[in-house]
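Coordinate inspection notes
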Amino acid sequence: MYPQQIIDALRHVRYPGTGKDLIESGMLEDDIRISGFEVSFSLIFQKENDPFIKSVLKASETALKTYIDPNVAANIHTKFVKVNPTPTTNHQSPIAAKHIIAIHSGKGGVGKSTVTANLAVALAQKGYRVGLLDADIHGPSMPKMFHTEDCRPFSVEIEGRTLIEPIEQFGVKMLSIGFFVNPDQAVIWRGGMASNAIKQLIDDAHWGELDYFLIDLPPGTSDIHLTLISALQLTGVIVVTTPQPVALVDARKGVEMFQNEKINVPILGLIENMAWFTPAELPQNRYYIFGKDGGKALAEELQIPLLAQIPLVQSIREGGDSGEPIALQTGHPAASAFDEIAAKITNHKS
């Protein structure tokens, strides 16, 4: 064996957080040692709690055996080089955003995308520069919620790079895989393909300077979550749930994931959606269809802020389906809930 063979083999291994191979990413330390079929070298990571360390080491060992010789015995070390990001942008991403906030739900159907769309509009109406990434690859809903299903992003040349220009609607810059696929066909992608697509929407887009960059995460926990956590310096996460026990179980799992010591992303708060139903003809009545105060109780138990209890309101649903989020209707009772959430977010000291 000789060093170039090892370098060429490691070109077949991609770091999941960026989609780039280990050599292109500069992750191979210049300390290759070879003795017969035994080889040792170091891979460089930027933090000790990187969630991809084990998978990268395993993939590297497999690449050596596949592209050099099955009898290769690899001793791969890890080194850590800390990179201090600036206050407004992350070292791995071209996004210059003062605050990057992910909106998460443990399960689908609790209104996470509705909350994300209205929060983005509410922030934009307060004068902030807002970007929105629809990271729900298999169920993109932002194009419909912003009435932009027929829009197609175009490319622009910025400093010698060809970048995707986000669609702008209601003062919000937005990208979604829904702009690039047939809306009537399912997106059948493995985790790696989905993660790489998300990385491209982040790295190869002309987002410009932003105050808030919101990410509508897919429900549950997946490769996409780990990719975004690794690729971006998240300001924090907002967890959305309904009051019913089956949703609270998954919401708890989501909070625990982000609070895990290997991930350690701040929880900005919890939103209890569909908290109650009040009929228009009986404005003083509240009917707790999905249970009462389940989200509130969970927030108290986990000692995280309760950002809002949003009622089940027909106009919120209609606004999402028509492509005009209710937050656009300043003064509307339903819009005030999202305005209050935006106020709490902007007052948050991170």
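Scroll up to find the structure.
Residues numbered from 1 in each chain as written. Predicted model: local features only at pLDDT ≥ 70, side-chain atom pairs only at ≥ 80, totals over all residues. Heavy atoms only, no water.

Things to note about the overall build of the protein
Within the protein, the secondary structure is distributed over ten helices and 13 strands. Counting every position in the protein, which comprises 350 residues, the buried fraction comes to 49%. Taking contacts inside the protein between residues at least 6 apart in sequence as the whole, the part at least 24 apart equals 73%. Of the accessible surface of the protein, which amounts to about 16900 Å², a share of 49% is contributed by carbon and sulfur atoms. Within the protein, the 39 negative side-chain charges are centred at a point lying 4 Å from the centre of the 30 positive side-chain charges. (Helix = DSSP H or I, 4+ residues; strand = E, 2+ residues; numbered from the N terminus. Buried < 20%, exposed > 50% of the residue type's maximum accessible area, 1.4 Å probe, protein only. Contact = heavy atoms within 4.5 Å. Areas by Shrake-Rupley, 256 points an atom, 1.4 Å probe, with all protein chains shown as cover. Lys, Arg positive; Asp, Glu negative; His and termini not counted. Charge placed at Lys NZ, Arg CZ, Asp CG, Glu CD.)

Here we look at helix α3 (residues 112–125)
The first and last C-alpha atoms of α3 sit 20 Å apart over 14 residues, in line with the 20 Å expected at 1.5 Å per residue. G127 lies just past α3 and shows a positive phi near 100°. (Expected span 1.5 Å × (residues − 1).)

Some points on the nonpolar core
Counting residues in hydrophobic clusters, the biggest one holds 41 residues, and the most contacted among them are F213, I215, L228, L232, L234 and F258. Those elements that provide at least two residues to this core are β4 (96–104), α5 (191–203), β10 (209–216), α6 (223–231), β11 (236–241), α7 (245–259), β12 (267–277) and α8 (294–302). With 39 residues, the next largest nonpolar core counts M174, L214, I310 and I341 among its residues. (Core = buried A, V, L, I, M, F, W, Y, C linked by side-chain atoms within 4.5 Å.)

Quick look at the pairing of β4
The element β4 is extensively covered by neighbouring structure, given that eight of its nine residues are classed as buried. Pairing geometry for β4 and β10, over seven bridges, is parallel. Looking at the pairing, A102 lines up with I215 of β10. Pairing analysis gives four bridges linking β4 to β11, with the strands arranged parallel. Its bridge partner being in β11, A102 is matched across the sheet by V237. (Pairing = 2+ DSSP bridges.)

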